[in-house]
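Residues per chain are reported as follows:
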Amino acid sequence: MTQSKDIISVNFNDEDSNTSANPTFDSVLTARLSRRNILRGSIGSVATAVFGAPTLSACGSDDDAPAPAPAPAPAPSPVEKLLSFAAVAKSLEDKVTVPAGYTASIIYALGDPLRATTADYKNDGSDADFENRAGDHHDGMEWFGLGADGKASLTSNDRGLLAMNHEATTDQKLSSFFLHADGGKSTLPRPAAEVDKEVNIHGISVVEVKKAADGKWSYIKDSAFNFRLTPWSDVELSGPLRGHALAKTKYSVDAVKTRGTINNCGTGKSPWGSFLTGEENWVGYFSRSAADDAARGDKSVVALKRYGSSQGGASRHGWETAGTEDKYQRFNSSKTGTSADGSDDYRNELNTMGYIVEVDAFDKSKAAKKRSALGRFAHESAVFGKAEAGKPLAVYMGDDSRGEYIYKFVSAANWDAADATPVSRIATGDKYLDNGKLYVAKFNADGKGEWIELAMSNAAIIAYAAYKFADQADICVNTRLAADAVGATKMDRPEWCSVNPANGEVYYALTNNTSRRVDPSSSQFAPDSANPRVYKDIKGADASQEGNPNGHILRLKEDAAGSAALGFSWDVYLFGAEASASGSAINLSNLTGDQDFSSPDGLAFSPSTGICWIQTDDGAYTDVTNCMMLAALPGKVGDGAKKTLSYTKADGSKLSVDTYVGKAPAVDTLKRFLVGPAACEITGLAETPDGKALFINIQHPGETTAMANIADPTKFTSQWPSNAGYGAGKRPRSATIVITKTDGGRIGS
Ligand code: FEO
Ligand code: CA
Ligand code: CA
Ligand code: CA
């Protein structure tokens, strides 16, 4: 979705609620593939940076971490030039467009069965049994290779698991209307039969995909690896929150577990091969009664408000009204019980939501764990910095709401390369993700920045008047309040991040911020160096889009200490803009018509090619084009120049903002690669190790359809993917597509 949720009042239809996958940096894989790039004469920047000048001595060697199933050597393609494809034009057509020489195939859509005994999806609102089907709003996604022996493989290119998020659902007036034959009931109470479907299309799915001898990919309906994790699955609490009073509920009086995961957006992949999924706009699913503040009468009211939960606030779908069963009542986060500790109600339920959750994609019998040490907020992706033996691991994260922050977790344990092929992935996660330091970013006007630790040892946190922290678990649960206390920089909605395998620099998509103003109200934000633009964008006849409607991509370079650094330098790699705004203080990156974009969201570097893939989730430029994906070959922090933006305030005084603009892209370093169908967002990115199959997700095509038109497919704003020949019915469906190249080359060449 394309709008944003406010800190104070929640807009449930808001985009802070939609999402996607980001490829993460797996150093083992990257090292292996970068070496392969050397052999293939690819552009070399990645390989050169990692290994120094290419040498033939690297040929044929395979001295990386042990791999279960070495792949055959790829065919050399000495003439490969990345970004040599012809740019795709902006488009409003209801289809997926890719460059000439490429094919996009639909392989896995909402409702597709995940076991042999589940019926095919009829797509007419009569389907049920969603705990055994693909969920809705496919989002962040990661690839987990499977060898011929059925075990994890770092090198398999023709068989693997896709682990993906199912963030949300296309809804109006409470109902996920495309799931119900008549559009569903849009008043309270909600029918249990409708709610059971709506709950179960959330969470994650893991699905096996395979390439046939003819080169065609498909998902395997009866694979024993397939599984769903829904908002009703058991999930363990881990880290400082485990066993803590803040997590006591009727469901877990000893505070060790909760039900499920919800509104999962960005993803991550750990260096030990587990799947990480971020819980983003979880608050909106839970109601709170009109008199709950007084009933509580304690500091939890401050905490709830900071996360957007106001008393009397309705929930997004009204699931708590579906019955007296505990599984519905858990969506009522009011204090309803008489206990002193919350063990007889769900007053603490929201403290068990908002985390990075670790899942073993290869083993559905292993309980997923919420890694509370990484903080609680509207999580997007969780991306590892380069894993170096003997040094701590860094995990980069963002909080996607207007004016929220950028975070880093640094593990207490130092990386042991033997953990790249662990006996137990979840136990390895215990080692690296339950103990460490949590930092928030402050960006300074001189192009430098600092990581500020969020800990009880920080005097600013102890002295914070608005909320008195009890201990580190309290900081991990109320991360936003702790970051407020230390003066972190309010950003333009941090979406996914990714690490450039060439040099370790960290890229963050800052999707947009409609609350940035030269003369801000108390709920708005003045421009600053890292979020420097304030302007009006015209959309058709609508001139009301103000602030930073098109977003930007910021990048940072850690100081010499690397993952554990307390300081960094930064610049803005790209500013989103319409090409027609060239020459202004808007199109600061001089984007051309083949490059212009708005609202970057998904962001992922390919470990194979080093291409930075940029995906959009936009509502500003959608009068001209559907959402898109671009391919980029970025430079590095500091390759551009300082620029001073000048604003005039209402009182006539001047406001000057210094920022740092990366080198403008050339025609062959940034190109539009794909445009999606109508009213969708592009998200999720995973690829095979050889870089020859790229999986992405098309989320919520046709989301602008009016619920009243449920019976008339001609009035759906999209009929994708049925109009591309996939599946029954005309109702639009979120789906995974795979992109391949006709000549068998790598994607993006
Ligand atoms: Fe999940 Fe903020 O997009
Ligand atoms: Ca998104
Ligand atoms: Ca416009
Ligand atoms: Ca978004």
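As a reminder, the structure under discussion sits directly above these lines.
Quick caveat: nothing in here was measured; it's all calculated off a predicted structure.

1. Regarding the sheet that holds strand β25 (residues 612-616)
Right, so step 1: Pairing is antiparallel in the open sheet, where four strands are placed in the order β24-β25-β26-β29. Pairing within the sheet leaves two strands with one partner each, and these edge strands are β24 (600-605) and β29 (670-675). Along the sheet, successive strands turn relative to each other by an average axial angle of 25°, direction set aside.
Right, so step 2: Of the strand pairs in this sheet, β25 and strand β26 (residues 628-632) are connected by four bridges, and their pairing is antiparallel. For Cys612, the partnering residue across the bridge sits in β26 and is Ala632.

2. Section: the nonpolar core
Right, so step 1: Core analysis: the largest hydrophobic core is formed by 45 residues, its most contacted members being Leu162, Met629, Phe673, Leu674, Phe695, Ile696 and Ile739.
Right, so step 2: Sorting elements by how many residues they give to this core places strand β1 (residues 102-109) first, with five residues.
Right, so step 3: Among the nonpolar cores identified, the runner-up in size contains 36 residues, and Leu276, Phe377, Leu393 and Tyr432 belong to it.

3. Things to note about empty space enclosed by the protein
In this approach, a probe sized like a water molecule rolls over the atoms, and the result shows the empty space that is left.
Right, so step 1: One pass over the structure, following the stated rule, counts five cavities of 30 Å³ or more.
Right, so step 2: Around the second largest cavity, the lining residues are Leu110, Asp136, His137, Thr169, Thr170, Phe178, Leu179, His700, Pro701, Pro732, Arg733 and Ser734.

4. Brief notes about the packing of aromatic side chains
Right, so step 1: This model, assessed by the stated rule, comprises 31 aromatic pairs.
Right, so step 2: Each ring, one from Trp232 and one from Tyr328, has its centre 5.9 Å from the other, and the planes form 70°; the classification is edge-to-face. Of the two residues, Trp232 sits in the loop between β6 (227-229) and β7 (234-238) while Tyr328 sits in helix α6 (residues 326-329), which places them 96 residues apart along the sequence.
Right, so step 3: Judged by centre distance (5.4 Å) and plane angle (45°), the rings of Phe286 and Phe331 are tilted. In this pair, Phe286 sits in the loop between β10 (275-279) and α4 (292-296) while Phe331 sits in the loop between α6 and β11 (356-359), placing the two residues 45 residues apart along the sequence.
Right, so step 4: Among the residues examined, Phe286 registers a relative accessible area of 4% and is labelled buried.
Right, so step 5: For Phe331, a relative accessible area of 0% puts it in the buried group.

5. As for unusual backbone geometry
Right, so step 1: A cis geometry characterises the amide bond from Leu188 onward to Pro189, with omega recorded as -5°.
Right, so step 2: Its place among the elements puts Pro189 in the loop between β3 (159-166) and α3 (192-200).
Right, so step 3: Cis peptide bonds are those with omega within 30 degrees of zero, and the linkage from Trp720 to Pro721 qualifies with 10°.
Right, so step 4: With respect to the helices and strands, Pro721 occurs in the loop between β31 (694-699) and β32 (735-741).

6. Structural notes on the sheet that holds strand β30 (residues 681-687)
Right, so step 1: On the basis of which strands lie adjacent, the open sheet formed by four strands has the order β1-β32-β31-β30 and antiparallel pairing. The open sheet has two free edges, formed respectively by β1 and β30, since each of these has just one partner strand. With direction set aside, neighbouring strand axes in the sheet form an average angle of 30°.
Right, so step 2: Taken together, the five bridges between β31 and β32 define a ladder with antiparallel strand orientation.

7. Thoughts on helix α7 (residues 425-433)
Right, so step 1: Turning to α7, its buried residues are Arg425, Ile426, Thr428, Gly429, Tyr432 and Leu433. For α7, the buried positions fall inside an angular range of 150° around the axis, keeping them on one side.
Right, so step 2: Where α7 is buried, its residues contact β10, β11, β12 (369-371), β13 (379-384), β14 (392-399) and β15 (406-414).
Right, so step 3: Where α7 begins, one side-chain oxygen reaches toward the backbone nitrogen of Ala427, 3.1 Å away; that side chain belongs to Ser424.

8. Side note on the environment of Ser343
Right, so step 1: If you trace the backbone, Ser343 turns up in the loop between α6 and β11.
Right, so step 2: Take Ser343: its relative accessible area is 22%, and that puts it in the partly exposed class.
Right, so step 3: As for Ser343 and Ala255, which are separated by 88 residues in sequence, their C-alpha atoms are 9.1 Å apart.
Right, so step 4: In contact with Ser343, not counting residues within four places along its chain, are Thr249, Lys250 and Val253.
Right, so step 5: A polar contact of 2.7 Å, which involves the side chain of Ser343, links it to the side chain of Asp341.

Conventions and cut-offs
- Residues numbered from 1 in each chain as written.
- Chains lettered and ligands numbered in written order.
- Predicted model: local features only at pLDDT ≥ 70, side-chain atom pairs only at ≥ 80, totals over all residues.
- Heavy atoms only, no water.
- Pairing = 2+ DSSP bridges.
- Helix = DSSP H or I, 4+ residues; strand = E, 2+ residues; numbered from the N terminus.
- Axes fitted to C-alpha atoms, helices over the stretch in contact; angles between N-to-C directions.
- Core = buried A, V, L, I, M, F, W, Y, C linked by side-chain atoms within 4.5 Å.
- Buried < 20%, exposed > 50% of the residue type's maximum accessible area, 1.4 Å probe, protein only.
- 1 Å grid on protein atoms, 1.4 Å probe; cavity = no way out; pocket = protein on both sides within 12 Å on 5 of 7 lines; lining within 4 Å.
- Points joined across faces, edges and corners; volume = space filled by probe spheres on them.
- Phe/Tyr/Trp six-rings, centres within 6.5 Å; stacked < 30°, edge-to-face > 60°.
- Arc of directions from axis to C-beta.
- Contact = heavy atoms within 4.5 Å.
- Polar contact = N/O pair within 3.5 Å; in protein donor to acceptor, adjacent residues only side chain to side chain.

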